[in-house]
Amino acid sequence: SRPAKGSSGKMAAPMSRGSRVPEPGAAPYGNFPNYSRFHPPEGRVSLLPQGLLRSLFPAATRPLLGLDVGCNSGELSVALYQHLLGLQDSDSSTELPGAGKELKLLCCDIDPELIRRAQQSSPFPASISFASLDIMDPRAREPFLSSYLQRFGRSSFDIGFCMSVTMWIHLNHGDRGLLEFLALLASLCTFLLVEPQPWRCYRAAARRLRRLGRDDFEHFRSLQIKGDMAESITRILTQECAMELVCSFGSTSWDRSLLLFKSTSARPQG
């Protein structure tokens with residue numbers, strides 16, 4: 001089944017009983033509000049070395065293009081942008097001249113309400129674009145991504161970010177969906193930073209959904225790809241998607257690995 005688009009009731013994070021606060025992790029697609037309170041952006045960006053973009057793209061003379069899939073309400077996207085460009089928090093109130101020449105970031109999420117919040121609060125509107133998109137719907141995805149890339153005369157992104165998204169794709173689209181998703185990202189991005197959720201998060205997400213009286217994830221009980229998800233995703237990307245593991249930046253305090261991959265297929269450079 002494909003995640004619902006638009007503003008259907010499926011999109012909102014379910015409320016826990018007797019509470020006005022959405023239960024974390026209970027939304028069927030991971031699109032719950034206030035996500036960054038539970039997993040703050042600095043928990044990820046602090047693991048990434050300063051100057052990472054310059055070390056990956058030492059000769060870049062054009063704006064680098066980034067794709068952030070499953071960006072939620074944008075806090076992590078903004079933090080990644082600031083960190084990668086060496087901007088401090090104090091810089092966030094104004095768009096720095098020249099920053100947009102270095103990196104353009106396209107951020108998408110299935111939830112239009114979260115995207116509206118991201119657009120309203122973004123401190124870098126000229127450099128970071130937020131869009132509502134079901135990345136698993138090729139009829140929506142292909143024209144949208146193509147038109148963005150064509151604006152820069154490009155056929156692919158320099159770097160992609162997939163931060164705690166793989167589980168939601170996997171639960172909602174099954175093993176085949178996860179394989180298609182990873183193959184898609186590998187085809188779209190020269191470098192790819194992935195933060196896979198460990199298997200215990202799958203069980204917790206299914207438990208929360210049941211506790212809220214919702215139907216179980218359609219594919220949860222039939223998944224064959226399970227266990228060490230960081231290892232499984234590394235194997236899929238390296239053995240089936242023409243990528244190599246460049247670096248593991250360690251784990252966040254909530255025990256999720258940050259893995260950087262690079263495409264091994266030659267790409268024309270803009």
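Residues numbered from 1 in each chain as written. Predicted model: local features only at pLDDT ≥ 70, side-chain atom pairs only at ≥ 80, totals over all residues. Heavy atoms only, no water.

Under an unreviewed UniProt entry, the protein has the name RNA methyltransferase and belongs to Rhabdornis inornatus. Check the Subcellular location (unreviewed entry) section of the UniProt entry for the protein; it says "Cytoplasm". UniProt's Sequence similarities (unreviewed entry) comment on the protein is quoted here verbatim: "Belongs to the methyltransferase superfamily." (UniProt positions renumbered as here; feature names shortened; annotations may be inferred.)

Engineer: Give a description of the nonpolar core that names residues and reports values.
Structural biologist: Side chains of a nonpolar character, in soluble globular proteins, are inclined to be buried together. Counting residues in hydrophobic clusters, the biggest one holds 47 residues, and the most contacted among them are Ile135, Phe157, Leu171, Phe181, Tyr202, Phe217 and Leu237. Leaving out residues up to four positions away in the same chain, phenylalanine 157 has contacts with Leu65, Gly66, Leu67, Leu106, Leu145, Tyr148, Leu149, Leu188, Cys189 and Thr190. If you look at the next biggest cluster of nonpolar residues, it comprises 32 residues, including Leu103, Ile115, Ile128 and Leu258. (Core = buried A, V, L, I, M, F, W, Y, C linked by side-chain atoms within 4.5 Å. Buried < 20%, exposed > 50% of the residue type's maximum accessible area, 1.4 Å probe, protein only. Contact = heavy atoms within 4.5 Å.)

Engineer: Outline the pairing of strand β6 (residues 243–251), supporting the account with residue identities and numerical values.
Structural biologist: When β6 meets strand β7 (residues 257–263), the two strands line up antiparallel, connected through six bridges. Looking across to β7, one finds that methionine 243 is bridged to serine 263. The turn linking β6 back onto β7 is made up of five residues, and aspartate 255 within it adopts a positive phi angle of 65°. (Pairing = 2+ DSSP bridges. Helix = DSSP H or I, 4+ residues; strand = E, 2+ residues; numbered from the N terminus.)

Engineer: Got a sec to walk through the sheet that holds strand β1 (residues 64–69)? Specific residues and values, please.
Structural biologist: Read across the open sheet, the seven strands follow the order β3-β2-β1-β4-β5-β7-β6; overall the sheet is mixed. Each edge of the open sheet is held by one strand with a lone partner, namely β3 (128–132) and β6. Neighbouring strand axes in the sheet, compared pairwise and without regard to direction, differ in orientation by 15° on average. Sheet topology note: the strand β5 (residues 189–195)/β7 ladder contains four bridges and is antiparallel. Looking across to β7, one finds that leucine 193 is bridged to leucine 260. Across the sheet, helix α7 (residues 138–151) touches β1, β2 (103–109), β3 and β4 (157–163), and the angle it forms with β2 is around 170°. Against the sheet, helix α10 (residues 229–240) engages β5, β6 and β7, with an angle of about 5° to β7. (Axes fitted to C-alpha atoms, helices over the stretch in contact; angles between N-to-C directions.)

Engineer: Before we move on, can you summarise helix α6 (residues 112–121) with the specific residues and values?
Structural biologist: Taken together, the buried positions of α6 are Pro112, Leu114, Ile115 and Ala118. Within α6, the buried residues cover an arc of 155° as seen down the axis, which keeps them to one side. With respect to the buried face of α6, the exposed residues turned more than 90 degrees away are Gln120 and Ser121. Looking at the buried side of α6, the elements it contacts are β2 and β3. (Arc of directions from axis to C-beta.)

Engineer: How would you sum up the packing of aromatic side chains? Please name residues and give values.
Structural biologist: One pass over the structure, following the stated rule, counts seven aromatic pairs. Chaining the aromatic ring pairs together yields one cluster made of Tyr148, Phe152 and Phe157. (Phe/Tyr/Trp six-rings, centres within 6.5 Å; stacked < 30°, edge-to-face > 60°.)

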